[in-house]
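Residue strings, one per chain:
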Amino acid sequence: MMTKSLKLAIIGGGSSYTPELVEGVLKRLDILPVTEMHFVDIEAGKEKLEIIEGLTRRMVEKAGANIEIKASLDRRAAIANADFVMTQFRVGGLQARANDERIPIKYDVIGQETTGPGGFAKALRTIPVILDICKDIEELAPNAWMLNFTNPAGLVTEAIQKYTQVKSIGLCNVPVSMQMMIAEMMACPPEKLSLECIGLNHLVWAHRAWVDGQDVTAEVLKKVGDGQNFSMNNIFEEPWDPDFLNALGAIPCPYHRYFYQVDAMLAEEKESARDGGTRAEQVMKTEAELFELYRDEELAEKPKQLEMRGGAYYSDASLNLVDAIYNDRKTIHVINVANNGTISSLPDEAVIECSAVVGSWGVRPLAVGKLSPAITGLIHQVKAYEQLAIEAAVEGSYNKAFMALSSNPLVPDITRAKAILDDILRTNHDYLPNFA
Ligand code: G6P
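Residue positions are given per chain, counted from 1 along the sequence in the order it is written. Local features in this predicted model are restricted to residues of pLDDT 70 or higher, and side-chain atom pairs are both shown and tallied only at a pLDDT of 80 or more, whereas totals for entire chains, interfaces and linings draw on every residue. Only hydrogens and water are set aside when side-chain values are computed; all heavy atoms of the structure are taken into account.

Looking up the protein in an unreviewed UniProt entry gives the name 6-phospho-beta-glucosidase, with the organism given as Photobacterium rosenbergii.

Turning our eyes to something else, we now look at the overall build of the protein. Only runs of H or I of at least four residues qualify as helices and only runs of E of at least two qualify as strands under DSSP, and these elements are numbered from the N terminus. Helix and strand counts for the protein stand at 16 helices and 12 strands. Every radius of gyration here is taken over C-alpha atoms, with the globule rule written as 2.2 Å times N^0.38, N being the number of residues. Computed over C-alpha atoms, the radius of gyration of the protein comes to 21 Å, within 12% of the 22 Å expected from 2.2 N^0.38 for 436 residues, which places it in the range of a compact globule. Counting only C-alpha atoms, the protein reaches 55 × 55 × 40 Å along its principal axes. Partly exposed residues are those whose accessible area sits between 20% and 50% of the maximum for their type, while under 20% is buried and over 50% is exposed, using a 1.4 Å probe and protein chains only. Every one of the 436 residues in the protein was classed for burial, and the buried ones make up 58%. We call two residues in contact when some of their heavy atoms are within 4.5 Å. Sequence separation of at least 24 residues holds for 72% of the intrachain contacts in the protein that already meet a minimum separation of 6. Accessibility throughout is a Shrake-Rupley quantity obtained with a 1.4 Å probe, and a residue counts as covered only by protein chains that appear here. Carbon and sulfur atoms provide 50% of the accessible area of the protein, an area that totals close to 17,800 Å². A distance of 2 Å separates the average location of the 43 positive side-chain charges in the protein from that of its 60 negative side-chain charges. Counting rule for charge: Lys and Arg are taken as positive, Asp and Glu as negative, and neither His nor the chain ends is counted. Every charge is mapped to an atom, namely NZ of Lys, CZ of Arg, CG of Asp or CD of Glu.

Near the ligand you find 16 residues, and of these N151, N173, R279, R309 and G310 are the closest. Identification of polar contacts relies on pairs of N or O atoms within 3.5 Å, with a donor-acceptor requirement for protein atoms, meaning one able to donate a hydrogen and the other able to accept it, and with residues adjacent in sequence counted only if both atoms are side-chain atoms. Interatomic distance of 3.0 Å between a side-chain N/O atom of N234 and an oxygen atom of the ligand. The separation between an oxygen atom of the ligand and a polar main-chain atom of G310 is 2.5 Å. Protein contact buries 94% of the 390 Å² of open area that the ligand shows by itself. The cutoff for a nearby residue is simple: one of its non-hydrogen atoms must lie within 4 Å of the molecule or strand.

Let us now look at the UniProt feature "domain: Glycosyl hydrolase family 4 C-terminal" (unreviewed entry) in the protein. UniProt positions are given in the numbering used here, feature names are shortened, and annotations may be inferred rather than shown by experiment. Within this structure's numbering, the places UniProt gives as "domain: Glycosyl hydrolase family 4 C-terminal" (unreviewed entry) are residues 197-411. The span residues 197-411 is 45% helix and 17% strand, and its two end C-alpha atoms sit 26 Å from each other.

Turning our attention to empty space enclosed by the protein. A pocket, in this scheme, is an open set of points on a 1 Å grid over the protein atoms alone with protein on both sides within 12 Å along at least 5 of 7 lines, while a cavity is a set where a 1.4 Å probe fits but cannot get out; residues line either one if an atom lies within 4 Å of a point. Grid points are joined across faces, edges and corners, and a volume is the space filled by probe spheres set on the points. Counted according to the given criterion, the structure contains one cavity of 30 Å³ or more. For the largest cavity, the calculated volume is near 130 Å³. Lining the largest cavity we find 15 residues, and of these T114, T115, N201, V382 and E386 sit closest to its centre. Every element with two or more residues in the lining of the largest cavity is listed here: helix 6 (153-163) and helix 14 (373-395). Top element by residues in the lining of the largest cavity is helix 14. It accounts for three residues.

Okay, structure coming up:
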């Protein structure tokens, strides 16, 4: 029997995304009896955390909700007895992200925060920290569910599941964004649309789409090929080749552009790095503006400007999951979870992103079995890279790090892999004690 009160611990609570999460909680008070939200951050994020705390208090008061709001640097106090621990932090902040985006570009390689060498660097910084957080959860809230948003979300979730006992689910807003965008193109309410999603985080395909039981996959592919909106704020809207989509036969996610349209995306990145700044550099400006707004004592709601960030529907993704677990809904969600036979050719422990049924007992992925050869090669290569990156991060192994980058499909040769790795290790020295 679940308790009649819910405590949420939010690690990385000083994020500018937090008001979105708060809004999601306030929208669901009739189904989720949240009684405490404890935001936690580190010393460097203290000022932002205080601003978030103030705005949250005003939002909660305006909603007339009875929720105790805590904000502190005390991670253990936040985690103790939490029912859900949500992780949404960024080791090294936006400056580290900007480095992740700029270093690969120097070597003519995609520089992106979650895929390619940028995502690899972020994984190296993040995994030791998240495993440490998990130790606290194991000790202080062993029954809690951990919902991990921290990127690269699939890879990080695999590390959690491999090295800890914590009950964890990885989450991303891409599948729910795809659901919303496809529903819009098909002019149907999102709940009428069913997608069969399978792949890895930021490498997920909707293999089939149905509206009212009718297979509309080909129609959706045609509309995407014709240029209907199918991107996210943080990704260049490089048009898709209709012939390619037709041949592929599955709906790629917006991030697939980095893998299928490498040249065009790299050219866009270079131009942007030269003129307007990389995405992280643009986000720094947006964030400064957002926090100026959040400070305003009159503001008691999530401001519209937050929509400039890439995380649309992020609170729906996470709070719908909380609802499914807490209220034993047995509904379908697209989440990051251990494969366990869902894709027959991948190891059981590999974390994949897929449609799964979620209830109070946890998650059960919907099996797909064999994948088409059009997809299986890319998934396997990226998964091998992810496995190597996880082991490199945990062991501080240069060799595994080198092989991880050399196996990444976005890194075209070992000379560049080595140069990029050395650059990453130098630049991130302070955040990579395992490599000391
Ligand atoms: C998308 C991704 C998230 C990512 C975000 C970045 O929503 O799914 O994983 O964190 O974009 O958005 P930003 O505004 O920070 O570029």
